[in-house]
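Residue-level structure breakdown
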Amino acid sequence: MYSPQRKDFVSLTLGDQHNRSYTNGKHRRQSCWRKWKQLSRLQRSLILFLLAFLFICGILSYSSLSEQWRGLSDRSLKEDWVEMENRGLRPIPPGLVPKLPPGVVPGVQDVPPEVLPELQRPSIPILPKPPAMQRKPPSKRGPPALQKRGNVSDWQVKDREEPEPELKREDDGGKEARTVISWRGAMIEAEQGTELQPTAHGKEGTVADAEGATNLEPVTVKPVDRVEAVREAFRHAWKGYKAFAWGHDELKPLSKTHAEWFGLGLTLIDALDTMWILGLKDEFAEARKWVETELSFSKNVDVNLFESTIRILGGLLSTYHLSGDTLFLEKAKDIGSRLMPAFKTPSKIPYSDVNIGKGTAHPPRWTTDSTVAEVTSIQLEFRELSRLTQDPQYQNAVEEVTRQVHRLEGKRDGLVPMFINTNSGKFTRRGAFTLGARADSYYEYLLKQWLQGGKKETELLEDYLQAVEGVKKNLLRQTSPSKLTFVGELSNGRLNPKMDHLVCFLPGALALGAHNGLPADHMDLALQLMETCHQMYAQMETGLSPEIAHFNLQYQSGRDIDVKPADRHNLLRPETVESLFYMYRFTNDSRYRDWGWDILQSFNKHTRVPSGGYTSIGNVRDPLNPAPRDKMESFFLGETLKYLFLLFSEDTELLSLDKYVFNTEAHPLPIWPSAS
């Protein structure tokens, strides 16, 4: 571009003789505009940006200062007046000095004369704030470094200074309104308050404190009935199932519908013995009626051998033993006989799937393998069915599987691979060893079959003891920095520091073995692993464990437990509360009850759905939006709530562990009388 031509002359403007003011302002403005236009586009942009930035900073600083001044002003005037009025005091106007009779102490009446000198010392009384002014206590979730020590219950009255925009209030039939958290259309109830907030003295508040009464005499507050809280949780879950999924396998509480797996009413059958144990007679009666009139196994449907055995067969056998009602035994015979075609394989290792209507069985479509856990965790149920029916075919079939696995090569110090081939009867994919999915209940059933049969089957005990030593040698590690003991996974000789939540059955199993005379160091290991499983809950922001946890072995890092995004879901699983139940029964240590109570409160806070039921969630690290998955697994009623009830029950003879053994779905079966 060419530069503009320069003009070689001088401009002179003469003013009017009657106008004495200076009139060159217009030319000055024109000169400034000309200089502005001579700047490059980049220079002009930088100047405009700087001016805009200064303008924004000025606005922000003004609003911040105004809020601070307003806060100081409000605090110094309004809040001081309100606080003194709540204390029953009035401010003294300036210049006025109150006169008191001799020997009278302000605020003290009917005080003996000998106490007055002590009271007349200068002091500032510390009184609790009225409920409307109490501040919400900080959350205790997160890593241990951010937590306060102690097991303080979160089940407390929540006093809020003002309602939050994302909270709604729901009236509960005339009772105190409950806070409801909304997640994009899904309504989840917050935890229900039953305890009083701490006062300014750090002690538990009384009813008089909460109501602002002048009477300061302590009023006894009834402690929370934890057993009744479990009953209430069960009734709430049952309410949703009955309303939206009656007779179907699983409840979808958010969409208020159901999901089918086998079409056999899994949730209802899984919950039968739980209702009996909890004393819910009306609910049990209506469920029994459905079993009598609606439950039929003559359906053209494929079922999984393992799942249908532990949930349906185990649930029916357990309910028969508890109630004495032969209806459930007859149904158990029916389903047991329909599952037998699974054992018709070249190796006698059963197929994974059975069509209970056609009487045929087959492996999964993608493989001829079955998982080791599936074929070795059906023995308790089929052995008990043979004992009750005097028909040995069921026991013979499952014990043949046990004998073959006992003799198989491919184990590593008692640890078994995850897969076994139904044609060859041999282990496949031998490089991986875990106590998590696909292998977990193999170890559990070694111990429990030995107990069920009266501690006579030495091969079962030998395999169990060898496996525990294999865990210690190959899978056991400690985290940094807190020295949490965990059970990792071995893959082709390399340890992977991850542990499924499923592995949290192990502390309970180890404690059960130690209770029955096995080495004392089993109990030592149980105590360590129980702490780790507790931390898998306590270190999560929701107070709920992820499906899989990864553990830190590096000394530089400050966090023991990490969770990958794909593993952050919680399915309402029972394994940790199962072990808490065993640990409390054998140690009588109340902290295990407290840990179970924390878990129940977290379920109520993050998974409870107002219309009925509980939902699994997708992210235990996000308490504001834990991503509900709209599914309530049948084991939440069949296992989780049952173990919580037994944990809190004061009746230690209720399902005595010297008389019953629980299958892997928490259905209690009797230890054989002939063995005692």
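In what follows, the accompanying structure is described. (Residues numbered from 1 in each chain as written. Predicted model: local features only at pLDDT ≥ 70, side-chain atom pairs only at ≥ 80, totals over all residues. Heavy atoms only, no water.)

**Quick word on the side chain of His667**
Basically, it comes down to this: A helix here means a DSSP run of H or I that spans at least four residues, while a strand means a run of E at least two residues long, and both kinds are numbered starting from the N terminus. For the purposes of these results, a polar contact is taken to be a pair of N or O atoms within 3.5 Å, where, inside protein, one atom must be able to donate a hydrogen and its partner to accept one; residues adjacent in sequence count only when each atom of the pair is a side-chain atom. Throughout, a residue-residue contact means that at least one pair of heavy atoms, one from each residue, lies within 4.5 Å.
By secondary structure assignment, the location of His667 is in the loop between β20 (660–662) and β21 (668–670). A polar atom in the side chain of His667 sits 2.7 Å from the side chain of Asp270. In this structure the side chain of His667 is engaged in a polar contact, spanning 2.7 Å, whose partner is the side chain of Asp273. Those residues in contact with His667 that lie beyond four places of it in its chain are Asp270, Asp273, Ile310, Arg311, Gly314, Gly315, Ser318, Lys642, Val661 and Phe662.

**Observations regarding the state of the cysteines**
Condition: Count a disulfide wherever a pair of cysteine sulfur atoms falls within 2.5 Å. Accessible area is worked out with a 1.4 Å probe on protein chains only. A residue is then buried under 20% of its type maximum, exposed over 50%, and partly exposed in between.
Tallying each qualifying case throughout the model produces one disulfide. Cys504 shares a disulfide with Cys533; S-S distance 2.1 Å. Across the S-S bond of Cys504 and Cys533 the torsion is about -105 degrees, and the bridge reads as left-handed. Of this pair, Cys504 sits in the loop between β17 (498–500) and α16 (506–515) while Cys533 is found in helix α17 (residues 521–538), placing the two residues 29 residues apart along the sequence. In this structure, Cys504 and Cys533 share a single accessibility class: buried.

**Overview of the sheet that holds strand β19 (residues 561–562)**
Heads up, the condition is: DSSP calls a pair of strands paired once it identifies at least 2 bridges connecting them.
Ordered in space as β17-β18-β19, the three strands form an open sheet in which the pairing is antiparallel. Each of the sheet's edge strands pairs with one partner strand only, and the pair in question is β17 and β19. Bridge count between β17 and strand β18 (residues 548–551): three bridges; the pairing is antiparallel. Across the sheet, the residue bridging to Asp500 is Ile548, located in β18.

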